[in-house]
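Observations on the three-dimensional arrangement
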Amino acid sequence: MLAKRLPTILPTLSPAESIETTRIYSAMGRLAPGQPIMARRPFRSPHHTISEAGLVGGGSTPTPGEISLSHNGVLFLDELPEFNRRTLEVLRQPLEDRVVTISRALNSTTFPADFMLVAALNPCPCGYRGDPRRSCQCTPPQVEKYLNKISGPLLDRIDIHIEVPAVPFQELSSGASGTSSQDMREQVSAARRLQAERFHGLTTRYNAQMTTRQIRRFCPLDKECAQLLKDSVNELGLSARAHDKVLRVARTIADLAAAAEIAPVHIQEAVNYRMLDRQFWT
Ligand SMILES: [Zn+2]
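Residues numbered from 1 in each chain as written. Predicted model: local features only at pLDDT ≥ 70, side-chain atom pairs only at ≥ 80, totals over all residues. Heavy atoms only, no water.

1. Overview of the pattern of salt bridges
It is possible for side chains of opposite charge to pair when their charged atoms get near one another. Counted under the stated rule, the structure contains 13 salt bridges. Across the pair Arg 241 and Glu 96 runs a salt bridge, and its minimum N-O distance is 3.4 Å. Taken together, the residues Arg 241 in helix 13 (residues 240-256) and Glu 96 in helix 6 (residues 92-97) connect sequence positions 145 residues apart. Among the salt bridges present, the one from Arg 198 reaches Asp 255, with a minimum N-O distance of 2.8 Å. Of this pair, Arg 198 sits in helix 10 (residues 181-198) while Asp 255 sits in helix 13; the two residues are 57 residues apart in sequence, bridging distant segments of the chain. Here the salt bridges share partners, and the residues they tie into one network are Glu 96, Asp 156, Arg 157 and Arg 241. (Salt bridge = Lys/Arg side-chain N within 4 Å of Asp/Glu carboxyl O. Helix = DSSP H or I, 4+ residues; strand = E, 2+ residues; numbered from the N terminus.)

2. Side note on the coordination of the zinc ion
On the protein side, the zinc ion has Cys 124 (SG), Cys 126 (SG), Cys 136 (SG) and Cys 138 (SG) as donor atoms, found 2.2 to 2.4 Å from it. Bound by four donor atoms, the zinc ion shows angles of 107 to 115 degrees at the metal and therefore tetrahedral coordination geometry. Spacing between the donor residues of the zinc ion along the chain follows C-x1-C-x9-C-x1-C. A residue pair is termed long-range when its members are at least 10 positions apart, and Cys 124 in the loop between strand 7 (116-119) and helix 7 (140-147) and Cys 136 in the loop between strand 7 and helix 7 qualify at 12 residues. (Donors = N, O, S within 2.8 Å, 3.2 Å for Na, K, Ca; no water. Tetrahedral: all angles 85-135°; square planar, octahedral: opposite > 155°, others 65-115°.)

3. Some remarks on a nonpolar patch on the surface
Taken together, Leu 2, Ile 160, Ile 162 and Val 164 make up a surface patch of nonpolar side chains, about 420 Å² in accessible area. Along the chain, Ile 160 falls in the loop between helix 8 (152-156) and helix 9 (169-173). (Patch = residues over 30% accessible without salt bridge, like charges linked within 9 Å, V, L, I, M, F, W, Y side chains within 5 Å. Areas by Shrake-Rupley, 256 points an atom, 1.4 Å probe, with all protein chains shown as cover.)

4. Details of the nonpolar core
Of all hydrophobic cores here, the largest spans 22 residues; its most connected members are Leu 55, Ile 67, Leu 77, Leu 88, Leu 91 and Phe 115. Elements with a contribution of two residues or more to this core: helix 3 (52-56), strand 4 (74-77), strand 5 (99-103) and helix 8. Phe 199, Leu 229, Leu 238 and Val 249 belong to the second-largest nonpolar core, a separate cluster that totals 21 residues. (Core = buried A, V, L, I, M, F, W, Y, C linked by side-chain atoms within 4.5 Å. Buried < 20%, exposed > 50% of the residue type's maximum accessible area, 1.4 Å probe, protein only.)

Below, the structure written as structure tokens:
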């Protein structure tokens, strides 16, 4: 449910983004009759039985896959460990480059693939691990085998890992309303405006796209923040890539709070989102 709501809090498609996404759908004959352009961010959720070509693109005449249909939108992979491991591994290159290149003997074709990846997985094969109301029957080796289906390098490329505990039925049915999507979208748009000013004149559009050099320039840390980050990296054994991700996410948390400088509390929150690096299953 959270994943499906994500496009509702993202900024509306800019005219340039709308054209990019429309070109892909048009080329694939996926525009509905009477629908001249893609006005909303796409949300794609392919089944875990999808082939490698279906996900990233392929075929003798290269055709875009789900990652290109998700361009400027969200790609949601539910039950991540059920996907073919090899199929997931081919996501690594487009996640880094935001385009996918399909090579053939005589030529290669590049398709846009700038999507937000959202993936969900259970804490164990039965799904009840850590649930106070039901007991989990899985053995530690079963849990390890299940979670090991996701490779470290793929996890490393995911910015935010978060545990979503089961919501008690009373809370679901209480009718209490939280922050509306409309309010959240305004917060997100305000943060994006700060980023547009920050990256004015650069090809980088938002924090997630910052290069290591840009991180050094745009995410200066005071002594306390630098020490906190250093300690966290050592304690959690974070990779260089995860270190940079913590800084990009901390910058975004600071932007959402309209804070000019990254503060220790922003670093702490960003580090907390590296949950799977901490191997929460051990
Ligand atoms: Zn279990």
